[in-house]
Structures are given as structure tokens and as C-alpha cells.
Amino acid sequence: MRPLSKDQIHFFKREGYLIVRSILDDGLMHRAREAMWAAAPGQVDRNDPDSWIGPLRDSTEKPNQMGDFTWKFREPGGEDWMIRLVATDPRIWSMAEQLLGAGSLRRPERVRGIYSTFPEGDKPPATPTCHCDGHPFHLGVVGYIDRVLPDGGGLKVWPGSHHRFYYDFAGRYSCDKKGTYDRTKALFDQQPYVDFHGEAGDMIFWHHRLGHAGGYNRSRQIRKAVFYDYVKDDLDEMIDLPPGEDMWEDWSEEVRNCD
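Report on the accompanying structure. (Residues numbered from 1 in each chain as written. Predicted model: local features only at pLDDT ≥ 70, side-chain atom pairs only at ≥ 80, totals over all residues. Heavy atoms only, no water.)

1. Observations regarding the environment of Pro242
Rules: Each helix is a run of DSSP H or I of at least 4 residues and each strand a run of E of at least 2, with the numbering of both proceeding from the N terminus.
Its place among the elements puts Pro242 in the loop between helix H7 (235-238) and helix H8 (253-256). In this structure the C-alpha to C-alpha distance between Pro242 and Arg172, which are 70 residues apart in sequence, comes to 5.7 Å.

The structure is reproduced here in C-alpha cells:
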């Protein structure tokens, strides 16, 4: 039995993302939360929600990074348990292979880590704008290790934008933008976005050229997320090839044949 249905694959092709609920391992999520709190910035008290309101003190201490309303806790990203949590758990891995091709994925040596977005308190709300990431990969995943409320700092995605952004780059996976990129961005910045919120264990898969943005956190909770970018073994050979007429030609046969 295949983990993703034909309808789910069709939705992914059309919209550029797919949300899968309750897929992360409970025990590993608990371990991730405990690791995060054990390493939390000194100004943040686990038992005092008022201390969770940013901004945070700026820090570029490697491998972590902190400032304004975000804390990128990269330190555990190379641990086997963290890699399994967000990337190599058999249920998640099988879905990624179903989209990109069985046996085609590069085994990760590390993942990004735990990225936290802190509440903004009474800071005036800002309007999210989209972008495409500036590093080469095939398929992004973001999973939540704790509940994320609406407008609570969750990832925002612009449905269908991958169909335009894919052709706004000189290479299929390179970072070199064409002159059309800014026009596409301006177009989709005026379009409705999807705010990915949900419970601990929920995950979103998204196409590497999908317009997206980190959400502003208007809730009273810290958004705790884990990130990984899947790449195929042949990425280095494909990175600078011009975008194909069929934007799915590098994906699995199941994806290519799903209309």
C-alpha cells in the first residue's frame, strides 16, 4: 500500500504543497522539546509565558543563531534521533521517495534543527510576503513538535506559485534568478496564502520553487518546528540544467503520470 493517495499527489502537483497530519514520532518530539528547553536562551523561562515574548538578544554563536523573534537551534541537527524525527522515519521517507523516486534520495548527515519563532506581543502586525529559498534542494518538509495556532508563526505558502517560480530561475535547482522573478513575486504577494497551523506531529511537504514565508507569531505560544530539505543523488548533475518544459520530469514516475 502506497503512503500517499493519487488525490494527495494530484493536490501536491497542483498546489505545490501537501499537509500530512500526525506523522511525527511522539517520543522523538518529546525528546526534541526537552532538548530545546534545556538549551533555551537565558531570558526564556519555560514556566513563564510572559518571558516568551520577543525580541530576543542578538547572538550569532555557532552553530546556533538568535535574534529578534527567532532562534535557530541547529546544534542537535546531526544527532541520529533528530535526523530520524524529521527525515528518515520510514513513514516520512517513504512519502518523500514516492514523490521523488524510490532509491533516489541522498541520505542526510544532518537536518536544519529546531527553529523557534517567538510571540511578537504588541508589535504592529506585518503583511507576509513570499520568496523562494536560495539553496539547491528538491523537496522541503517542515514539521511541528508542538501545537501551532492560526497566525502563530506557522509556515505560510502561496498555492500554485511553483508553476511560475520554477521558470524564473536559470537552472532547475540553482539560485540564479531571472528578471521575471520579481514580477512573479509581486503577483503572488497580492494573492491569498495558506497559513500552515496544527497540532504536534503535523508536517507539510513543499516543492522547492513554491513561494513561502516564515509566519509572524501573533499567538502566546512559541512556534517549535523542525526543518529538512530532501535532495536526490543526482542534484549536482542537474542543478544548472535549464528548467524543463515538463517541470516534473525529475520527479517519480508516479508523480509524472498523475494528472
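Still more ground to cover, so stick around.
2. Considerations on the pairing of strand S4 (residues 70-73)
In plain terms, the rule: Think of it in three bands: with a 1.4 Å probe and only protein chains considered, a residue is buried below 20% of the maximum accessible area for its type, exposed above 50%, and partly exposed in between. Two strands are counted as paired when DSSP detects at least two bridges linking them.
Of the two faces of S4, the one lined by Trp71 and Phe73 is fully buried and the one lined by Thr70 and Lys72 carries no buried residue. In this structure, strand S3 (residues 65-68) lies alongside S4, joined through 3 bridges in antiparallel fashion. Bridging from a neighbouring strand, Gln65 pairs with Lys72 of S4. In this antiparallel pair of consecutive strands, S3 and S4, the connection spans 1 residue. Relative to strand S5 (residues 113-117), S4 runs antiparallel, the two sharing 4 bridges. Looking at S5, one finds that Lys72 is bridged to Tyr115.

3. What about the packing of helix H3 (residues 80-88) against helix H4 (residues 90-100)?
Which entries qualify depends on this criterion: Every axis in this analysis is a line fitted to C-alpha atoms, fitted for helices over the stretch in contact. Angles between the N-to-C directions lie between 0 and 180 degrees. Each angle gets one of four labels, with under 35 degrees taken as roughly parallel, over 145 as roughly antiparallel, 65 to 115 as roughly perpendicular, and the rest as oblique. By the convention used here, residues are in contact when the closest approach between their heavy atoms is within 4.5 Å. The nonpolar class holds Ala, Val, Leu, Ile, Met, Phe, Trp, Tyr, Cys and Pro. Asp, Glu, Lys and Arg form the charged class, and all remaining residues, Gly among them, are polar.
Interaxial distance between H3 and H4 falls to 7 Å at its minimum, and their mutual angle equals 45 degrees. Viewed along their axes, H3 and H4 adopt a mutual orientation that is oblique. Across the interface between the two elements, Leu85, Val86, Ala87 and Thr88 of H3 pack against Pro90, Ile92 and Trp93 of H4. Across the contact of H3 with H4, the residue classes break down as 6 nonpolar, 1 polar and no charged.

4. Remarks on the nonpolar core
What counts is decided by this rule: Side-chain atoms within 4.5 Å are what join buried Ala, Val, Leu, Ile, Met, Phe, Trp, Tyr and Cys residues into a set we call a nonpolar core.
Within the largest apolar cluster, 50 residues are counted, with the highest numbers of intra-cluster contacts made by Leu24, Leu85, Leu99, Leu139, Phe205 and Tyr230. In this view, Leu85 contacts Leu24, Asp25, Leu28, Met29, Ala32, Ile92, Ile145 and Val226; residues no more than four positions away in its chain are not counted. By size, the runner-up hydrophobic cluster in this structure holds 19 residues, among which are Tyr17, Phe137, Tyr173 and Ile204.

5. Topic: the sheet that holds strand S7 (residues 156-157)
Taken in spatial order, the 3 strands line up as S8-S7-S10 in an open sheet, and their pairing is antiparallel. In the strand order of this sheet, the two ends are held by strand S8 (194-195) and strand S10 (212-213), each with one partner. Pairing between S7 and S8: 2 bridges, direction antiparallel. By the bridge assignment for S8, Val157 is matched with Val194.

6. Notes on the sheet that holds strand S9 (residues 203-207)
Note: strands within a sheet are paired through backbone hydrogen bonds, in either parallel or antiparallel orientation. Taken in spatial order, the 8 strands line up as S1-S9-S6-S11-S5-S4-S3-S2 in an open sheet, and their pairing is antiparallel. Looking at strand neighbours, the two that pair on one side only are strand S1 (17-20) and strand S2 (56-59), the edges of this open sheet. The average undirected angle you get between the axes of adjacent strands in this sheet is 20 degrees. Where helix H1 (residues 6-15) meets the sheet, it contacts S1, strand S6 (139-144) and S9, and its direction lies at approximately 135 degrees from that of S1.

7. A look at the packing of aromatic side chains
Selection criterion: Any Phe, Tyr or Trp ring, taking Trp's six-membered ring, that has another such ring centre within 6.5 Å forms a pair; planes under 30 degrees apart are called stacked, those over 60 apart edge-to-face, and the others tilted. In this scheme, the term charge over a ring applies when either NZ of a lysine or CZ of an arginine sits within 6 Å of the ring centre and within 35 degrees of the ring normal.
Counted under the stated rule, the structure contains 16 aromatic pairs. Their ring planes at 85 degrees and their centres at 5.3 Å tell us that Phe11 and Tyr17 sit as a pair that is edge-to-face. Taking relative accessible area as the criterion, Phe11 reaches 26% and is therefore assigned partly exposed. Taking 4.9 Å as the distance between ring centres and 35 degrees as the angle between the ring planes, the aromatic pair formed by Tyr115 and Phe227 counts as tilted. Of the two residues, Tyr115 is situated in strand S5 and Phe227 in strand S11 (residues 223-230); the sequence distance between them amounts to 112 residues. Per residue, the accessibility class of Tyr115 equals that of Phe227, and both read buried. One aromatic cluster in this structure is built from Phe165, Phe169, Tyr181 and Phe188. Stacked on the ring of Trp93, the Lys or Arg Arg107 has its end atom at 4.3 Å from the ring centre.

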